[in-house]
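Examination of the molecular architecture
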Amino acid sequence: MAFITFRTSIAALAVAGAATTGLVAGPAGATASGATSASAMASASGSCGGGGAYINFAAHYHNSSRYHVFTKFAWTIAGGGVGNKNNVEFRVKHDNRLGQDPTYWTWRSPDNIRKGYSEVNSGTRNGGNPVPRSGIRVPKNKAAYVEFKAVFDKRGADPRCSGHTRNV
């Protein structure tokens, strides 16, 4: 099992550790990695935790000439005593700066997200609607981000947390 710090790119973790369940990283503030090329894949990430459980979350996207295009969402749930009936929810939004942030797309899991690595992309049918084949498009002149929430399956009261990625 690889031990890493959260400041390492979640995209790199997803590639290096997708076959390994149980990646371990401690909760930290939102961080992000990204590429400068207009068509290169990039990611924005964040984490949150509660009750000894935590989630590391990453939103993968690329920029077209007119849009931020989100194509994959990945996360790792870890912590002591976490079971296999966790819940994850996330929303692609843009930072309105004047009040409520508009939501472009929402995904809600059923009560069956396992501890370890999971992802949602255009081929995923677990729970809510899959990512559209064309991706979730947010106009490039808007500061897009992803808000995420988790309910951890633990004995007794289930701890919750929420967080968000940085703006892209």
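Structure's up top.
Residues numbered from 1 in each chain as written. Predicted model: local features only at pLDDT ≥ 70, side-chain atom pairs only at ≥ 80, totals over all residues. Heavy atoms only, no water.

1. A look at the pattern of salt bridges
What counts, and what does not: We count a salt bridge whenever a side-chain nitrogen from Lys or Arg sits within 4 Å of a carboxyl oxygen from Asp or Glu.
Inspection of the entire model under this criterion finds five salt bridges. Linked by salt bridges that have partners in common, Glu89, Arg91 and Arg108 make up one network.

2. Considerations on the packing of aromatic side chains
We count it as follows: Whether two aromatic rings pair depends on their centres lying within 6.5 Å, for rings of Phe, Tyr and Trp, where Trp uses its six-membered ring; planes under 30 degrees apart make the pair stacked, over 60 edge-to-face, and the rest tilted. In this text, helices come from DSSP runs of H or I with a minimum length of four residues, and strands from runs of E with a minimum of two, each type numbered from the N-terminal end. The buried label goes to any residue with under 20% of its type's maximum accessible area, the exposed label to any with over 50%, and the partly exposed label to all in between, with areas taken from a 1.4 Å probe on protein chains only.
The final tally for this structure, using the stated rule, is 11 aromatic pairs. Pairing tryptophan 75 with tryptophan 107 gives two aromatic rings, centres 5.7 Å apart and planes at 45°, and the pair type is tilted. Of this pair, tryptophan 75 sits in strand S4 (residues 67–79) while tryptophan 107 sits in strand S6 (residues 103–108); the two residues are 32 residues apart in sequence, bridging distant segments of the chain. For the pair tryptophan 75 and tryptophan 107, a shared accessibility class is recorded, and that class is buried.

3. What about the pairing of strand S2 (residues 42–50)?
Formally: Criterion used throughout: strands pair if DSSP finds at least two bridges between them.
Buried residues dominate S2, accounting for eight of its nine residues. Of the strand pairs in this sheet, S2 and strand S3 (residues 53–63) are connected by nine bridges, and their pairing is antiparallel. Residue pairing for S3: glycine 50 is matched across the bridge by alanine 53. Connecting S2 to the antiparallel partner S3 that follows it, the hairpin turn spans two residues, and glycine 51 within it adopts a positive phi of roughly 60°.

4. Some remarks on the state of the cysteines
Worth spelling out the cut-off: Disulfide assignment relies on a single distance test, namely cysteine sulfur atoms paired within 2.5 Å.
Applying the stated criterion across every chain, the model contains one disulfide. In this model, cysteine 48 is linked to cysteine 161 through a disulfide, with the two sulfur atoms separated by 2.0 Å. On the sign convention where negative means left-handed, the S-S torsion of about 55° between cysteine 48 and cysteine 161 marks this disulfide as right-handed. One end of the pair, cysteine 48, is in strand S2; the other, cysteine 161, is in strand S10 (residues 160–164), with 113 residues separating them in the sequence. What makes cysteine 48 buried here is its relative accessible area of 8%.

5. Details of the environment of serine 162
Applied cut-off: The contact criterion used is simple: two residues touch if any of their non-hydrogen atoms lie within 4.5 Å.
Looking at the secondary structure, you find serine 162 in strand S10. Among residues more than four places away in sequence, those in contact with serine 162 are Cys48, Phe148 and Lys149.

6. Description of the sheet that holds strand S9 (residues 144–151)
Selection criterion: In this description, a line fitted to the C-alpha atoms serves as the axis of each element, helices being fitted only across the stretch in contact, and the angle between N-to-C directions of two axes falls anywhere from 0 to 180 degrees.
As summarised here, the arrangement of the four strands in space is S6-S5-S9-S10, forming an open sheet in which the pairing is antiparallel. The sheet terminates laterally at S6 and S10, the two strands that pair on one side only. Strand-to-strand, the axes of this sheet are offset by a mean angle of 10°, without reference to chain direction. Two strands pair when backbone bridges link them, and strand S5 (residues 87–94) and S6 are joined in this way by five bridges, in the antiparallel orientation. Following the sheet pairing, glutamate 89 is matched in S6 by arginine 108.

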